[in-house]
Amino acid sequence: MRRSQRWPYITPEKRSIVFRCIVNITKYRWHWCKNLEEDMAGSTTNSTPDLIDGEFSKYRSPLVSRYASPEMAYNFSELKKFSTWRKLWLYLAKAQQMLGLHITDEQLSEMERNLSNIDFERAALEEKKCRHDVMAHVHTFAACCPKAASIIHLGATSAYVGDNTDLMVMRDGFDILLPKLARCVQRLAVFADQHKELPCLAYTHLQPAQLTTVGKRACLWISDLLMDLNNLKRARDDLRFRGVKGTTGTQASFMSLFEGHPDKVDILDKLVTEMSGFQRSYMVTL
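In this report, the structure presented in the accompanying data block is examined. (Residues numbered from 1 in each chain as written. Predicted model: local features only at pLDDT ≥ 70, side-chain atom pairs only at ≥ 80, totals over all residues. Heavy atoms only, no water.)

Another point: the packing of aromatic side chains. All told, the structure shown has five aromatic pairs when counted by the stated rule. For the pair Phe82 and Trp85, a centre-to-centre distance of 4.8 Å together with 90° between the ring planes defines the contact as edge-to-face. Placement of the pair is Phe82 and Trp85 together in helix H6 (residues 78–98), with a separation of three residues, close to one helical turn. Neither Phe82 nor Trp85 differs from the other in exposure class; each is buried. Centre to centre, the rings of Trp89 and Phe141 are 5.9 Å apart; their planes meet at 25°, and the pair counts as stacked. Taken as a pair, Trp89 in helix H6 and Phe141 in helix H9 (residues 133–144) lie far apart in primary sequence, 52 residues in all. Per residue, the accessibility class of Trp89 equals that of Phe141, and both read buried. A network of ring pairs unites the aromatic residues Phe82, Trp85, Trp89, Phe120 and Phe141 as a single cluster. (Phe/Tyr/Trp six-rings, centres within 6.5 Å; stacked < 30°, edge-to-face > 60°. Helix = DSSP H or I, 4+ residues; strand = E, 2+ residues; numbered from the N terminus. Buried < 20%, exposed > 50% of the residue type's maximum accessible area, 1.4 Å probe, protein only.)

What follows is the structure, given as structure tokens:
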């Protein structure tokens, strides 16, 4: 369709004016972005090193700084995430050794000694080079485990560490939360028993209705929290491990490693699942 057909009521002169306006706006936006970038670079250069490197120069969520417990904040931390990646690589290598792959005890010991020895600066540099977060940490782990470098992430895919770590973090988060919630219910139960005969005014439809007791009111809160406790426990128990499924969930890479023995691949999946603290894994994954 020709322009004159798309814009039947706009003359060529007016179309020319509109086009020039669009070009000018585009130029203005380019210059504005360039000036903003230069200003930001200048402000960073003039800032003190302490401000650049300090925690106050980065975004912080009040959900963490104000409300999260230290153990829950650590559970979702970078250190927990990447040390869990290393644990998963260790579990995979241990299971592969048990099933006959040529992996030495020395290699496994080297990996185990360096689970928390993470050079985050090196990992950031590696990621800039390869543009891949998992491979960046494979190289970073290999740098401190040179003897085990050839067996790290053997046959695995990014989802092996990424998805399984997410599931382990969620499980550990439930394990932190459930005892705290149970303790809250227990303390409310003590409070309800202590105040079971203390009268207070109850309301219905936001209007004063009749007398009840403080203990009874507390029992309402306990009832809600017990339902929450059951829901959280069910969600925690329903979690499954992704397992060892290969690149697209076909386990083809592990079939190749074990020379076409599907039984060994199934046992590998089961061993790593149990080492990671799960009883079940998903049968089908991406």
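Structure shown, so let's carry the discussion forward.
Taken as a whole, this structure holds 12 salt bridges when the rule is applied. Across the pair Lys129 and Glu126 runs a salt bridge, and its minimum N-O distance is 3.9 Å. Pair noted here: Lys129 and Glu126 are both in helix H8 (residues 120–130), with a separation of three residues, about one helical turn. The class of Lys129 is exposed, set by a relative accessible area of 64%. We note a salt bridge from Asp175 to Arg236, for which the minimum N-O separation is 2.9 Å. Here Asp175 is found in helix H10 (residues 158–194), whereas its partner Arg236 is found in helix H11 (residues 214–238), with 61 residues between them in sequence. Salt bridges here are not isolated pairs; linked through shared partners, they connect Lys80, Arg171 and Asp172. (Salt bridge = Lys/Arg side-chain N within 4 Å of Asp/Glu carboxyl O.)

It is worth spelling out the packing of H10 against H11 at this point. The interhelical angle for the contact between H10 and H11, taken along N-to-C directions, is 160°, at an axis separation of 9 Å. Here H10 is positioned roughly antiparallel relative to H11, judged by the angle of their axes. H11 is crossed by H10, and the crossing has left-handed handedness. A class-by-class count of the residues in the contact of H10 with H11 yields 21 nonpolar, one polar and five charged. (Axes fitted to C-alpha atoms, helices over the stretch in contact; angles between N-to-C directions. Parallel < 35°, antiparallel > 145°, perpendicular 65-115°, else oblique. Left-handed = near helix turned anticlockwise from the far one by under 90°. Nonpolar A, V, L, I, M, F, W, Y, C, P; charged D, E, K, R; others polar.)

Moving on, we come to the side chain of Gln107. Mapped onto the secondary structure, Gln107 falls in helix H7 (residues 105–113). Looking at Gln107, its side chain comes within polar contact range of the main-chain nitrogen of Thr104, at 2.9 Å. If near-sequence neighbours (up to four positions away) are discounted, Gln107 is found in contact with His102, Lys147, Ala148, Ser150 and Ile151. (Polar contact = N/O pair within 3.5 Å; in protein donor to acceptor, adjacent residues only side chain to side chain. Contact = heavy atoms within 4.5 Å.)

Applying the stated criterion to the full structure yields zero disulfides. We note that Cys145 lacks a disulfide partner, and the nearest cysteine sulfur, in Cys144, lies 4.3 Å from it. (Disulfide = S-S within 2.5 Å.)

What follows concerns the side chain of Thr285. As for its position among the elements, Thr285 is in the segment after helix H13 (262–275). Thr285 gets classed as buried once you look at its relative accessible area, which sits at 16%. Within the structure, Thr285 has its side chain in polar contact with the side chain of Arg242 (distance 3.5 Å). Ignoring anything within four residues of it in the chain, the contact list for Thr285 reads Arg242, Lys245, Thr248 and Gly249.

Time to look at the environment of Arg236. Residue classification places Arg236 among the partly exposed positions, given a relative accessible area of 22%. In this structure, the C-alpha to C-alpha distance between Arg236 and Asp172, residues 64 residues apart in sequence, is 9.1 Å. For Arg236, the contacting residues outside a window of four places in its chain are Arg171, Phe174, Asp175 and Leu178.

A few words on the pairing of strand E2 (residues 207–213). Note: strand E1 (residues 199–204) against E2, five bridges, orientation antiparallel. For Leu201, the partnering residue across the bridge sits in E2 and is Leu211. Remark: two residues form the turn of the hairpin made by E1 and E2, two consecutive strands paired antiparallel; His205 in that turn has positive phi of roughly 55°. (Pairing = 2+ DSSP bridges.)

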